[in-house]
Amino acid sequence: MNSKSVKTITSTDIAKRFSFKSTPRIVVNALLLITVLQGISLVSQLFAYQASLHEAIDKVERRISLDSAFLDVGNQTLNTPVNSYAIFRYINTLNAKLMEEGYPVLVNAIQSVTYTSEELDKARYPRSYTTLLKNAEQEIEIEIVSKPVSHALAFSWIALLAALCLVPVFALNTRKTAKQKAQQVQDALPPTPKLIINLQDKTISNGVTDKAVTLQNKPLCFYTALVRFCIENPGHPLPVHKDVPNELIALANRSFGRLIELGHTKRKRPDFNANLDKTLSEIRAALDDVFTGFNEEKETYYPPRAQGEGSRSKQHSYALPKIQLDDIEIIGN
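Values in this document were obtained by computation on a predicted structure and should not be read as measured data. Note on numbering: residues in each chain are counted from 1, in written sequence order. Local features in a predicted model are, by the rule used here, given only for residues with pLDDT of at least 70; side-chain atom pairs are given and counted only at 80 or more, and totals for whole chains, interfaces and linings are based on all residues. As a rule here, side-chain values cover all heavy atoms of the structure and leave hydrogens and water aside.

1. Details of the sheet that holds strand β1 (residues 105-110)
The strands making up a sheet associate through backbone hydrogen bonding, with each pair oriented either parallel or antiparallel. Where we set the bar: By definition, two strands form a pair when at least two bridges between them are found by DSSP. In DSSP terms, a helix is any run of H or I states spanning at least four residues, a strand is any run of E spanning at least two, and both are numbered starting from the N terminus. Contacts are assigned to residue pairs with any non-hydrogen atoms lying within 4.5 Å of each other. Structural elements are reduced to axes, namely lines fitted to C-alpha atoms, with helices fitted over the stretch in contact, and the angle between N-to-C directions of any two is expressed from 0 to 180 degrees.
The sheet built from four strands is open, its strands ordered β2-β1-β4-β3 with antiparallel pairing. Each end of this open sheet is capped by a strand with a single partner; those strands are β2 (113-114) and β3 (127-134). Both β3 and strand β4 (residues 139-146) contribute to a ladder of eight bridges, which runs antiparallel. The residue bridging Leu-133 from the neighbouring strand is Ile-140, located in β4. The sheet contacts of helix α2 (residues 23-67) involve β1, β3 and β4, and relative to β3 the element is tilted by about 35 degrees.

2. Digging into the packing of helix α6 (residues 217-232) against helix α7 (residues 246-261)
For the record, the criterion: Should an angle fall under 35 degrees it is called roughly parallel, over 145 degrees roughly antiparallel, and 65 to 115 degrees roughly perpendicular, with every other angle called oblique. Here a crossing is called left-handed whenever its near helix is offset anticlockwise from the far helix by less than a right angle, and right-handed whenever the offset is clockwise. Note on residue classes: Ala, Val, Leu, Ile, Met, Phe, Trp, Tyr, Cys and Pro are nonpolar, Asp, Glu, Lys and Arg are charged, and everything else, Gly too, is polar.
Two elements in contact, α6 and α7, have axes separated by 8 Å at closest approach and are oriented at 130 degrees. Considering their axes alone, α6 and α7 lie oblique with respect to each other. For the pair α6 and α7, the sense of crossing is right-handed. Taken together, the residues of α7 that come into contact with α6 (itself represented by Asn-217, Leu-220, Cys-221, Phe-222, Thr-224, Ala-225, Leu-226, Arg-228, Phe-229 and Glu-232) are Glu-247, Leu-248, Leu-251, Ala-252, Arg-254, Ser-255, Phe-256 and Leu-259. When the residues that make up the contact of α6 with α7 are grouped by side-chain class, the tally is 11 nonpolar, three polar and four charged.

3. Digging into the nonpolar core
Selection rule: We define a nonpolar core as any set of buried Ala, Val, Leu, Ile, Met, Phe, Trp, Tyr and Cys residues linked to one another through side-chain atoms lying within 4.5 Å. With a 1.4 Å probe rolled over the protein chains alone, any residue whose accessible area is under 20% of its type maximum counts as buried; one over 50% counts as exposed, and the rest are partly exposed.
Counting residues in each nonpolar core, the largest one holds 39 residues, and the members touching the most others are Leu-195, Ile-204, Phe-222, Tyr-223, Leu-248, Leu-287 and Tyr-318. Looking at this core, the elements that each hand over two or more residues are β5 (195-198), α6, α7 and α8 (276-290). For this core, the leading source of residues is α6, giving nine residues. Residues Val-73, Tyr-103, Val-105 and Tyr-125 belong to the second largest nonpolar core, which totals 27 residues.

4. What to know about a nonpolar patch on the surface
Here is the rule we go by: Like charges are joined within 9 Å and nonpolar side chains (Val, Leu, Ile, Met, Phe, Trp, Tyr) within 5 Å, but only among residues with over 30% relative accessible area and no salt bridge; these make up the patches. Per-residue and other accessible areas follow the Shrake-Rupley method at a 1.4 Å probe size, with only the shown protein chains counted as cover for residues. Just to be clear on terms, a salt bridge is a Lys or Arg side-chain nitrogen sitting within 4 Å of an Asp or Glu carboxyl oxygen.
On the surface, a nonpolar cluster with roughly 200 Å² of combined accessible area is contributed by Leu-42, Leu-46 and Leu-153. Tracing the chain through its elements places Leu-46 in helix α2.

5. Overview of the side chain of Gln-38
With respect to the helices and strands, Gln-38 occurs in helix α2. Aside from chain neighbours lying at most four places away, what touches Gln-38 is Phe-155, Ser-156, Ala-159 and Leu-160.

6. Quick word on the confidence of the model for the protein
Put simply, the rule is: Confidence per residue, as judged by the predictor, is encoded in pLDDT with a range of 0 to 100.
Of the residues in the protein, 83% have a pLDDT of 70 or more, and the chain-wide mean is 82. Under a pLDDT of 50 for its full length, residues 1-9 has, in the predicted model, three contacts with residues more than four places off or in other chains.

7. Observations regarding α8
Keep this limit in mind: In a helix, the anticipated span is given by 1.5 Å times the number of residues less one. An arc is given here, and it is the one of the directions from the helix axis to the C-beta atoms.
An ideal rise of 1.5 Å per residue puts 21 Å on 15 residues; α8 measures up with 21 Å between its terminal C-alpha atoms. Looking only at α8, the buried set comprises Leu-276, Thr-279, Leu-280, Ile-283, Arg-284, Ala-286, Leu-287 and Val-290. Summarising the axial view, the buried residues of α8 lie within an arc of 165 degrees, below the 170-degree limit, and thus occupy one face. α8 presents Asp-277 and Lys-278 as exposed residues on the side facing more than 90 degrees away from its buried surface. Turning to α8, the residues buried within the fold contact β5, β6 (203-205), β7 (212-214), α6 and α9 (295-301).

8. Regarding the sheet that holds β5
One open sheet holds the four strands; their spatial order is β7-β6-β5-β8, and the pairing between them is mixed. The strands lining the two open edges of the sheet, one partner per strand, are β7 and β8 (328-331). Ignoring strand direction, the axes of neighbouring strands in this sheet form an average angle of 20 degrees. Judged from the three bridges that link them, β5 and β6 form a sheet pairing that is antiparallel. Directly across from Ile-196, in β6, lies its bridge partner Ser-205. Contacts from α6 reach β5, β6 and β8, with the element oriented near 130 degrees to β5. Each of β5, β6 and β7 touches α8; the most contacted strand, β6, lies at about 45 degrees to it.

Have a look at this one:
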């Protein structure tokens, strides 16, 4: 049966992809969003109120103009008085209809006949508009009152909900820090191989591919010691025709002792001075295998081969002049 591996996305992965602003900035952004959206809502309500107010006034004026033929509003030409009782009843009927249909206006007076009612007071209808209707025989003066602007303005729950939905978007930090930019560049670059010496399973690898090569005890211990020696003594030559330095032998013996502790061997310590060329050849062969496709990076870890003959080959050094502490990792040390 084939099993599929499930990739778990951790909080660290999310933090790498997204970064958030500080809590105070998120709170400030949230308050600004609520304020702006509530302001937009109030402005919209104000425009809607003004539009509905003008429409209501136009409808009332049109209604009175159509009913004026049947209203006893008096006639200046004929010098007839205004029928106050009839006008009052008309205003009462008209206002009842306006309130029933939710209009923001009421008629306060027609031809100086003022309508008095508990509903129609200065506090509820503070704004007044006077209109003069004219026809061939008479003029009709109308006073219309309207509710205050505050009557149309209210807190918008939709704006609040929209602001809360937008807060997470504005909480994201869209400006990349120098560290994030550097991390992004680093992530975009191909991985760099690095020498990994694992004493626990007696292998060397490059940290990029899954390729790991097993070494025998002697070349493994000698190479581990060589790497440490060259890091601690940069520029120190290691000629092939001379004995291995005592410091390097001590480091190799210490690595061999670690293999004994790990249970890999019970034999006595090998002679690291003997068959040095063979030991170096085994190390080079393993590095050639591990760093296949990484020839440039391999040079850092590769003990140089002797070139030429005679006196030139005697000057050859198998030291690693380029290696640094950051270039290696030793597991089970």
